Amino acid sequence: MTSFSGHVLDLSSLASLVASFQLTNPTYGKFVPTAASILSRSANFLGIFFLGDFTPESDLAGFELSPTSLRISLNQSGLSISEAITLNSPPIRITVPEPGTLFLLMTGGFGLLGFGLRRKAQA
């Protein structure tokens, strides 16, 4: 079991979240974020994604500082609360579809809707 200290999640703004958060473990190292996004937020779930840098320490001291992504998931089920932290180096990138892709998807959807309405009108 590995314990981490320094968990602070200030969700008032993304800038304050990045400024107030870091994850430190004396055995492995320190993660300092440079950007953050809240992936999902509800009464029972919180998902946060960070991009930043991981500085290895002690057991990992032979490694260099590296760009890293960190994902934190908090889940409440009844009286139980669970937490998952995933550190990835090289970082995982969350991609957003290009506007052209969204336009083609919407055009196809409207085309199918029009085809369905035309078929219904002919019946």
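What counts and how
- Residues numbered from 1 in each chain as written.
- Predicted model: local features only at pLDDT ≥ 70, side-chain atom pairs only at ≥ 80, totals over all residues.
- Heavy atoms only, no water.
- Pairing = 2+ DSSP bridges.
- Helix = DSSP H or I, 4+ residues; strand = E, 2+ residues; numbered from the N terminus.
- Axes fitted to C-alpha atoms, helices over the stretch in contact; angles between N-to-C directions.
- Contact = heavy atoms within 4.5 Å.
- Core = buried A, V, L, I, M, F, W, Y, C linked by side-chain atoms within 4.5 Å.
- Buried < 20%, exposed > 50% of the residue type's maximum accessible area, 1.4 Å probe, protein only.
- Patch = residues over 30% accessible without salt bridge, like charges linked within 9 Å, V, L, I, M, F, W, Y side chains within 5 Å.
- Areas by Shrake-Rupley, 256 points an atom, 1.4 Å probe, with all protein chains shown as cover.
- Salt bridge = Lys/Arg side-chain N within 4 Å of Asp/Glu carboxyl O.

Let's shift gears to the sheet that holds strand E4 (residues 66-77). If you trace the five strands from one edge of the open sheet to the other, you get E1-E2-E3-E4-E5, paired in antiparallel fashion. This sheet does not close on itself; its edge strands, each paired only once, are strand E1 (23-25) and strand E5 (80-88). When strand polarity is set aside, the average angle formed by the axes of neighbouring strands in this sheet is 25°. Judged from the nine bridges that link them, E4 and E5 form a sheet pairing that is antiparallel. Looking at the pairing, Arg71 lines up with Thr86 of E5.

Before going further, it helps to spend a moment on the environment of Phe50. Locating Phe50 in the fold gives a position in strand E3 (residues 45-56). Taking the C-alpha atoms as reference points, Phe50 and Leu17, separated by 33 residues in sequence, lie 9.7 Å from one another. Contact partners of Phe50, with chain neighbours within four places excluded, come to Leu17, Phe21, Phe31, Pro33, Ala35, Ala36, Thr68, Ser69, Leu70 and Ile72.

The next subject is the environment of Asn88. Here Asn88 shows up in strand E5. As for Asn88 and Pro67, which are separated by 21 residues in sequence, their C-alpha atoms are 8.8 Å apart. When neighbours within four sequence positions are excluded, Asn88 is seen to be in contact with Pro67, Thr68 and Ser69.

If you look at the biggest cluster of nonpolar residues, it comprises 12 residues: Leu17, Val18, Phe21, Leu23, Phe31, Ala36, Leu46, Ile48, Phe50, Phe54, Leu70 and Ile72. Listed by contribution, the elements that provide at least two residues to this core are helix H1 (14-20), strand E2 (29-41), E3 and E4. Broken down by element, the residue count for this core peaks at four residues, all from E3. Discounting residues that sit within four places of it in the chain, Leu46 has contacts with Leu9, Leu11, Ile38, Ser40, Arg41, Ile72, Ser73 and Leu74.

Taken together, the side chains of Met106, Phe110, Leu113 and Leu117 present a nonpolar region at the surface, about 450 Å² in accessible area. With respect to the helices and strands, Met106 occurs in helix H2 (residues 99-122).

This brings us to the pairing of E2. Examined bridge by bridge, E1 and E2 share three bridges and lie antiparallel to one another. Considered in E2, the bridge of Asn25 is made with Gly29. Joining the antiparallel neighbours E1 and E2 is a turn of three residues. Strand direction decides the pairing type here: E2 and E3, joined by 11 bridges, are antiparallel. Across the sheet, Ile38 pairs through a bridge with Ile48, a residue of E3. In textbook terms, the turn of a hairpin is the stretch between consecutive antiparallel strands, and for E2 and E3 this stretch comprises three residues.

Function-wise, these values are silent; they only describe arrangement.
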